[in-house]
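Understanding the architecture of this molecule
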Amino acid sequence: MSLDASLLSVLACPKCKGPLQVVTTPEGFACSQCQLLYKTDDDIPNFLIDEALPWKAKGTSNGSSSSH
Ligand SMILES: [Zn+2]
């Protein structure tokens, strides 16, 4: 799947209307603000919020919450 930068600039998170970023594993579009991943099925992005997966941006795992 080869995505245009121009295509990506058109896409926006259906929840917050913020920018999306391309994710390859699993394939889809992620919103770092909502921490949701919109998966791509057969090259068709699924922008249903109900079917989005929880997603965390890499490199921002700061803080070990092991105080329980
Ligand atoms: Zn969002």
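Because the structure is predicted, anything quoted here is derived from the model rather than measured.

Take the environment of L53 next. Mapped onto the secondary structure, L53 falls in strand 5 (residues 53-54). The class of L53 is partly exposed, set by 14 C-beta atoms lying within 10 Å. In this view, L53 contacts L36, L37 and K39; residues no more than four positions away in its chain are not counted.

Okay, unusual backbone geometry next. Following T25, the chain continues into P26 via a peptide bond in cis, with omega recorded as -10°. Checked against the element boundaries, P26 lands in the loop between strand 1 (21-24) and strand 2 (27-31). For K17, which is not glycine, the phi dihedral falls at a positive 60°. Inspection of the secondary structure assignment puts K17 in the loop between helix 1 (5-10) and strand 1.

Thresholds, definitions, all that
- Residues numbered from 1 in each chain as written.
- Predicted model: local features only at pLDDT ≥ 70, side-chain atom pairs only at ≥ 80, totals over all residues.
- Helix = DSSP H or I, 4+ residues; strand = E, 2+ residues; numbered from the N terminus.
- Buried ≥ 20, exposed ≤ 12 C-beta atoms within 10 Å, placed from the backbone.
- Contact = placed C-beta atoms within 7 Å.

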